[in-house]
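For reference, the chains in residue letters:
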Amino acid sequence: MNAIFGDAATAWAAVLILLLPLVVIGAGELEERLRQRDSPLGPPVGLLRTWVVPLFVLWTVVRTLFGLPDDHPVAVLIASALVVAVAVTVLALLRIVLTRLQPGAGGASGRRPLPALVLALPRIGVILFAAWLLVAGVWNVDLSAALTALGVTSLVISLALQDPLSSLASGFLLLSDEPFQPGDWIRVDDLEGQVVDLGWRTSRIRTRSGDVVVVPNGSLAKATIRNMSQPSSLHRLEFPVQVAFVNAPTRAKEMLLAAARATPGVLSDPPPVVLVTQVDDPLMGYVVHLWIEDYALAPGVMSDFGSLVWYHSHRHGVPLPSPAQDLYLYDGAKVGEADRVEQPELVRRLRRSPVLDLLDDEALEELGDAAELRRYAVGEVIVSDEAEGDLRVLHRGRAALLLRGHDDDRVVLDLAEGELFGMLDHRPSDQVATAIVATADCEVITVPASVALPLASRTPRLSDAIEQLAASRRRRVAHTVQRRVGAGDELSRSGDVEPA
């Protein structure tokens with residue numbers, strides 16, 4: 001074996017004779033299979049078979065078998081062609097990779113298009129490396145002086161173009177971070193508009209007035225950017241409203257929600273929401289949350305909603321504040337005094353109860369002297385098991401007797417205006433929990449137990465009526481408990497009970 005391959009030239013010749021045909025045949029077969037499958041890898045493999053492999057073999061032959069030096073014109077020419085062929089093959093492969101990174105290709109669907117300069121940077125790097133290899137490695141040109149001059153020139157240019165280069169770097173960072181893209185609505189400091197495009201040095205934003213503002217990327221990189229279009233186009237508007245203090249919050253919320261639902265462009269899912277933000281006589285402050293799908297509609301939606309609030313305030317009987325009158329003519333103490341209900345009026349309202357109508361005038365006046373009018377909002381608990389046993393009369397509004405459960409509450413019966421509750425024990429046992437809850441804004445007349453109980457004990461007709469009413473409601477509560485247990489807690493909230 002040593003006699004056959006006694007020198008390196010003979011070994012290289014044997015390797016070329018044995019391996020070259022195999023490499024060429026294998027590359028040809030691979031190229032043909034890729035061509036039949038319409039694979040984009042076919043052209044790079046063809047370049048490798050047609051140019052790279054033959055030029056490499058030729059360069060090996062002239063350098064090893066013929067012993068030509070590196071600076072020989074033939075060796076330099078072949079090496080230059082080999083470097084160019086390798087560079088062209090690498091560029092063809094890069095083109096395939098970068099194409100797959102574009103939207104709609106391979107697994108890159110849904111991504112924004114890559115900027116042209118980002119796609120060109122790898123190619124530029126390959127070309128510069130190939131040029132450096134040709135000049136310094138193949139042609140043996142000393143580049144130290146040129147690099148020194150280039151460094152000095154680059155320093156001068158960088159100092160002179162500091163701001164443009166900063167904008168270019170900021171543009172590259174913005175493109176990499178993607179805080180926004182063309183079509184998004186953004187707010188940068190005092191500037192609000194829709195992004196037209198994002199360049200390497202500047203970005204263009206179209207304002208609502210139709211003007212295009214060109215913003216340096218350096219300024220964008222330093223500012224806080226608020227994007228109203230990402231991560232989704234869903235956006236919430238906040239509309240502050242002031243309503244006169246005399247309006248109950250429930251009625252004011254109903255009016256504002258009705259105006260919001262009637263506003264074109266306001267979504268029903270998520271639904272509009274009204275929050276109380278200010279409780280200050282003579283004004284009540286609210287903020288309405290309106291959800292829209294497109295931020296471009298925001299000014300029109302806000303305008304339409306503001307107009308509808310005025311009309312709905314009149315239809316719902318919820319007056320809006322009049323700043324001149326409320327600010328200078330409003331007398332809070334006088335209004336508060338006028339809002340108080342005097343004893344004769346309380347007596348008249350107590351007489352509306354069928355049970356209390358059994359009392360004579362003297363007994364009603366005794367109740368009226370101790371009675372007090374209280375207001376409750378929808379959803380408030382008026383009486384619970386832990387509450388004191390005061391006598392209460394539902395003067396205005398609606399309420400319900402609820403059976404408290406572990407998961408939810410069940411309606412036992414609805415209470416109409418004029419009905420009594422509070423001093424009645426609705427529970428058939430200690431294990432049952434009940435409560436009286438307002439299902440609408442209510443006005444309730446409350447008589448302390450210290451006055452109601454002695455009066456009931458002195459009035460048999462009133463005591464019997466209260467006891468019969470309490471017994472009837474205990475039976476309804478017990479029936480509801482049995483239905484809940486028997487039906488697997490599927491008792492309907494409506495249709496199962498009749499008004500007491």
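Everything below is about the structure printed above this text.
Residues numbered from 1 in each chain as written. Predicted model: local features only at pLDDT ≥ 70, side-chain atom pairs only at ≥ 80, totals over all residues. Heavy atoms only, no water.

1. As for the nonpolar core
Line of reasoning, step 1. Membership of the largest hydrophobic core comes to 27 residues, with the highest contact counts inside it found for Leu356, Leu359, Leu367 and Leu420.
Line of reasoning, step 2. Take this core: its biggest share by element is 5 residues, from helix H15 (residues 460-486).
Line of reasoning, step 3. Aside from chain neighbours lying at most four places away, what touches Leu367 is Leu350, Leu356, Leu359, Val447, Val451, Ala452 and Leu455.
Line of reasoning, step 4. By size, the runner-up hydrophobic cluster in this structure holds 25 residues, among which are Ala260, Ile292, Tyr295 and Val301. (Core = buried A, V, L, I, M, F, W, Y, C linked by side-chain atoms within 4.5 Å. Buried < 20%, exposed > 50% of the residue type's maximum accessible area, 1.4 Å probe, protein only. Helix = DSSP H or I, 4+ residues; strand = E, 2+ residues; numbered from the N terminus. Contact = heavy atoms within 4.5 Å.)

2. Looking at the side chain of Thr446
Line of reasoning, step 1. Within the secondary structure, Thr446 is located in strand E16 (residues 442-447).
Line of reasoning, step 2. Leaving out residues up to four positions away in the same chain, Thr446 has contacts with Ala370, Ala371, Glu372, Arg374, Asp390, Leu391 and Arg392.

3. Quick notes on the pairing of E16
Walk down a regular strand and you will see the side chains alternate between the two sheet faces.
Line of reasoning, step 1. Of all 6 residues making up E16, 6 are buried, and the element is well covered by its neighbours.
Line of reasoning, step 2. Across the two faces of E16 the burial is the same, with Cys442, Val444 and Thr446 and Glu443, Ile445 and Val447 all buried.
Line of reasoning, step 3. Relative to E16, strand E9 (residues 372-376) is paired through 5 bridges, and the arrangement is antiparallel. Note on E16: the bridge partner recorded for Arg375 is Glu443. (Pairing = 2+ DSSP bridges.)

4. Considerations on the environment of His479
Line of reasoning, step 1. With respect to the helices and strands, the residue His479 is situated in helix H15.
Line of reasoning, step 2. Residue His479 is classed as partly exposed on the basis of its relative accessible area of 40%.
Line of reasoning, step 3. Considering only alpha carbons, one finds His479 and Val412, 67 residues apart in sequence, at a separation of 8.9 Å.

5. Things to note about helix H12 (residues 343-350)
Line of reasoning, step 1. What H12 keeps buried is the set Leu346, Val347, Arg349 and Leu350. Buried residues along H12 cover an arc of 165° about the axis, so they all sit on one side. (Arc of directions from axis to C-beta.)

Such coordinate-based values are descriptive only and should not be taken to indicate function.
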